[in-house]
Amino acid sequence: MTKLNTFEQAVATYEPVLGLETHIELDTATKMFCGCSTAFGAEPNTQVCPVCLALPGALPVANRAAVEATIKIGLALNCTIASWTRFARKNYFYPDMPKNFQTSQYEEPLCENGYVEVVVEGEVHRVEIERVHLEEDTGKTLHVGGTTGRIHGATESLVDYNRAGIPLVEIVTKPVPGTGALAPEVARAYTAELRDIVRSLGVSDVRMEQGSLRCDVNLSLNRPGEEWGTRTETKNVNSLRSVERAVRYEVRRQSALLDAGERIFQETRHFHEATGETSPGRSKEEATDYRYFPEPDLAVMEPSREWVEELRASLPELPRKRRERLQAAWSLGDKEMQSVVNADAVDLIEATVAAGSSPAGAVKWWLGELSRRANESGEELTALAITPAQVAELQGMVDDGRLNDKLARQVIDGVLAGEGSPAEVAAARGLEVVSDTGALEAAVEEAIAANPAVADKIRGGTHAAAGVLIGAVMKATKGQADAATVRQIILDKLS
Amino acid sequence: MSRIIDKTAAELAADIREGRLTSVEVTTAFLDRIAAVDGTVKAFLHVDRDGALATAAEVDAAVAAGEELGPLAGVPVAIKDVVVTKGLPTTAASKILEGWIPPYDATIVERIKAAKLPILGKTNMDEFAMGSSTEYSAYFKTLNPWDTGRIPGGSGGGSAAAVAAKMAPLAIGTDTGGSIRQPGAVTGTFGAKPTYGGNSRYGLIAFSSSLDTPGPVSRNALDGALLHEVISGHDPRDSTSIDAPVPPVVEAARLGATGDLSGVKLGVVKEFKEGADAAEPGVIAAYEAGIEQLVELGAEIVEVSCPSFTYALPTYYLIAPSEASSNLARYDGVRYGLRAGDDGKKSLEEVMSLTREAGFGPEVKRRIILGTYALSAGYVDAFYGKAQKVRTLIKQDFERAFEQVDALISPTTPFIAFEFGARTGDPYQMYLADLYTIPTNMYGGPGVSVPVGLSEGMPVGLQVMGPVLGDDITYRVAAALESTQDVLLADTAPEIEGI
Ligand SMILES: [Zn+2]
């Protein structure tokens, strides 16, 4: 196999064109075309009925709540809402699809022609939305035996139809050119923005780890000034970080192939979480002809203008507005706020502030130490084993002078290791700022004695030199002294 | 007539309600008749003696208790095997569903049960309702009680033959291109395809979703109307069901039976009389005699042109197979029914493929292939798309016609019941059986077939086609025509020899 280029090499030669197809499971109480529950995690095949099992004779009835949710998503994405729209059958055989066709939409989607704006490194990128349509989810197949866990080579396949028929909204972007080296970040930012918009609408819990938001990432490369290249479609990229990595990997892989004079095949590819790589799935050339046609079992939908306007008026505060409000409330600069957004920390910081922390403290922990930990472990920030309430508690201890930053970091170690709340960790590990001034004064006297030259400088008015003495005291107290208190004692003694 | 089985459903219902007969007596009489002659006719795929008698006993208890009962309570009914019945085998006469016991009832079956009609069993048909002779049943052929060397029509040959042979006073059929009306015509029975959406399709094993319509089969229009009203009405589980009042078909049948059609204007479709589309001479003779009788009853007859009807047959053979190719995709051996070749070595895909190979008969395969082709990339616009456009033209022809007339009339089918094997060699010859019935399905309006006379000793049917939700006029005209018959044609079938 061709050796991969570095990302920097790749984007120096080629311009990426992105495309994103996102599937979001709606959290309606019942499925798209029947009355079955959509609750996650039930025993396999307990949330099924003649309709979603495709028993002979059963017929679908469209879920009005799902149509309403889709229109809301369309409106929040600045789309036009169709006045005449219908479902279509997408025909292909697969055991997790009970009817062997998926009821979806084809030429007449519910919503069309919208856009989302995302900010990456201070630049606004407008991602055009081609369509938002409503369809149904498939069941889940578990292929037992074989080496790949896929249908080929399996000795047995087990199907759970609980998920079959859950309403699914598909959001398809138009091709997004012009992102250059920022393509991975733009893809991530778009997905995050979409997720936040949908979450703000209250129509889905958009839990990527539960598969309620799933992304397909399309990518092609072309040399500047040339036509767009052949695109690949990387399926089921299921975290924000993976979206970024999948784009990065495809840019590197495709550029190496193009450099070597090879051609890119239009194909679907699988993303591997463990390695961050993609591998070929079935190629489009041998792909199914879906034989779309209008679904004759369902009536045409004609959302009235009044209804659409009613829904538009009912839209809640959208993420962009909310971010502007929070930025002001937290007194953050544009750049700082952008870092918060990029770190996916808006909700976390808001919750931390709500739990009693100062905004500055909350921002400091989540963007600093906790982001670093998340990066180290390759996790999403939201997946870290520390809650906003615990961060607020930690910051409270710092504010009270019971912890300094260094000790606080050790407390975080304990919380992340599952040792309990910050207070419990501090107590168990004996982490507490030494506030016994008698002990501190002795340590300061020792430090002054050991550093006479520094002491003279301070006496001469160079207060900045106190750092050396503070360091010595901290070392002597194993970091458990409060730096501000130590500094005050030093200055008192030397002036 | 003295035998229970010779009585009409309306008479039986009155006898039961008024205590002259019990439902158990009535139901037993038909079950005994089935036992006596169905070995010859072979109309039933499954008989549910215990279930039918249990319902009958409930009715009798209710009569004894003085309870208010529906108009057909206690009168037994046979149900075409394409309609899903909870706990009763339902196969659509296909091997691919052999042994399947549905866990739910079709809406129309729920309504039949609520109205307390004992269900005698499930009737034979062409596999998945694809055919015009019931020869494509995967199980056995059904014989025409008028001549056991001939077909009983299709796809609902079992329901029609059961009624014609007096094994059931009433039956349920389904009509996608003529499957209620054409068997009615060739067995001398009454059959109605109601307005599409007037009767729920929930629980009807789908052949062509935009065309399938369940309806009644009976010996006369009034009985059909009574059953029609039992099963009709809006069903929230069927999105294509019409939310409108049920047309007053019983009232219309009673009005028609008075023999007065004055003020009724009937249109004769010009195109059906011409060239290759013309019926055989014996059928035309019986039909024209029928027209004369309608005139005598006071009806005005005018000629109406419906130029697009000429294209109805080819249009139908694009739309119906297209929808069928998708509707029948679910029979894959994964969840129910037949599973072939699952020896632990073959892949899932191979098992699905082998199941469909083994489970579907030749006519079903032919239509799946036809439909798959008509929908495939590069052809869909020329075939499926074009067919939809022609369908619109056919609808417009009907709408224009109903600006001039109250109903259209035609022979139901171009030829009398043919002999077994006569048309299986050439699918097109078989498809011609539905030449006159298909336009109504494409339009979505109601159509009934009523016996009008004989040709070569075999029954001929006259079709009455009405506007959407104008089912009542079709019943009225049919009942009026029946009023001219001294003995109901359905009652003149030769006696069947039991085996
Ligand atoms: Zn369900």
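Please read all numbers here as calculations on a predicted model, not as lab measurements.

### Some remarks on the overall build of chain A
Right, on to step 1. The helix and strand inventory of chain A stands at 16 helices and 14 strands.
Right, on to step 2. Across its three principal axes, chain A shows a C-alpha extent of roughly 90 × 55 × 50 Å.
Right, on to step 3. Taken across its 495 residues, chain A has 52% of its residues classed as buried.
Right, on to step 4. Contacts in chain A between residues far apart in sequence, at least 24 positions, make up 69% of those at least 6 positions apart.
Right, on to step 5. Entry remark: accessible area of chain A is about 21800 Å², with carbon and sulfur atoms responsible for 50%.
Right, on to step 6. Within chain A, the 73 negative side-chain charges are centred at a point lying 2 Å from the centre of the 53 positive side-chain charges.

### Quick look at helix H8 (residues 346–354) of chain A
Residues and elements named next belong to chain A.
Right, on to step 1. Buried residues of H8: Val346, Leu348, Ile349 and Thr352, and no others. One side of H8 carries all its buried residues, which in axial view fall inside an arc of 165°.
Right, on to step 2. Check the buried side of H8 and you find it contacts helix H6 (319–330), helix H7 (334–342), helix H9 (359–377) and helix H10 (388–399).
Right, on to step 3. A positive backbone phi angle near 115° is found at Gly356, which sits one or two residues after H8.

### With respect to the sheet that holds strand E2 (residues 77–80) of chain B
Residues and elements named next belong to chain B.
Right, on to step 1. An order of E1-E3-E2-E4-E6-E5-E10-E11-E9-E7-E8 is seen for the 11 strands of this open sheet, with the pairing classed as mixed. Both edges of this open sheet fall to strand E1 (44–47) and strand E8 (300–304), since each of them pairs with a single strand only. Ignoring which end each strand starts from, the neighbouring axes of this sheet average 30° apart.
Right, on to step 2. Relative to strand E3 (residues 119–123), E1 is paired through 3 bridges, and the arrangement is antiparallel. When the bridges of E3 are listed, Val47 appears paired with Gly121.

### Some remarks on the UniProt feature "domain: Amidase" (unreviewed entry) in chain B
Right, on to step 1. When the UniProt feature table is mapped to this numbering, "domain: Amidase" (unreviewed entry) covers residues 25–471 of chain B.
Right, on to step 2. Between the C-alpha atoms that bound residues 25–471 of chain B there is a distance of 33 Å. The span itself is 38% helix and 14% strand.

### Considerations on the state of the cysteines
Right, on to step 1. For the structure shown, the criterion picks out 0 disulfides over all chains.
Right, on to step 2. Of all cysteine sulfurs, the one in Cys79(A) lies closest to Cys215(A), which takes part in no disulfide; the gap is 17 Å.

### Re the packing of helix H3 (residues 183–201) of chain A against H6(A)
Residue and element names in this part refer to chain A.
Right, on to step 1. For the pair H3 and H6, the least separation of the axes is 9 Å and the interaxial angle reads 95°. When the interaxial angle is binned, H3 and H6 end up roughly perpendicular. Here Glu193, Asp196, Ile197 and Ser200 of H3 lie close against H6, whose contacting residues are Pro319, Arg320 and Arg323.

### Remarks on the packing of H9(A) against H10(A)
Residues and elements named next belong to chain A.
Right, on to step 1. Axis separation between H9 and H10 bottoms out at 10 Å; the angle between their running directions is 110°. Between H9 and H10, the crossing angle belongs to the class labelled roughly perpendicular. Between H9 and H10, the contacting residues are Gly361, Lys364, Trp365, Trp366 and Leu370 on the first element and Pro388, Val391, Leu394, Gln395 and Val398 on the second.
Right, on to step 2. Across the contact of H9 with H10, the residue classes tally to 7 nonpolar, 2 polar and 1 charged.

The rules behind each value
- Residues numbered from 1 in each chain as written.
- Chains lettered and ligands numbered in written order.
- Predicted model: local features only at pLDDT ≥ 70, side-chain atom pairs only at ≥ 80, totals over all residues.
- Heavy atoms only, no water.
- Helix = DSSP H or I, 4+ residues; strand = E, 2+ residues; numbered from the N terminus.
- Buried < 20%, exposed > 50% of the residue type's maximum accessible area, 1.4 Å probe, protein only.
- Contact = heavy atoms within 4.5 Å.
- Areas by Shrake-Rupley, 256 points an atom, 1.4 Å probe, with all protein chains shown as cover.
- Lys, Arg positive; Asp, Glu negative; His and termini not counted.
- Charge placed at Lys NZ, Arg CZ, Asp CG, Glu CD.
- Arc of directions from axis to C-beta.
- Pairing = 2+ DSSP bridges.
- Axes fitted to C-alpha atoms, helices over the stretch in contact; angles between N-to-C directions.
- UniProt positions renumbered as here; feature names shortened; annotations may be inferred.
- Disulfide = S-S within 2.5 Å.
- Parallel < 35°, antiparallel > 145°, perpendicular 65-115°, else oblique.
- Nonpolar A, V, L, I, M, F, W, Y, C, P; charged D, E, K, R; others polar.

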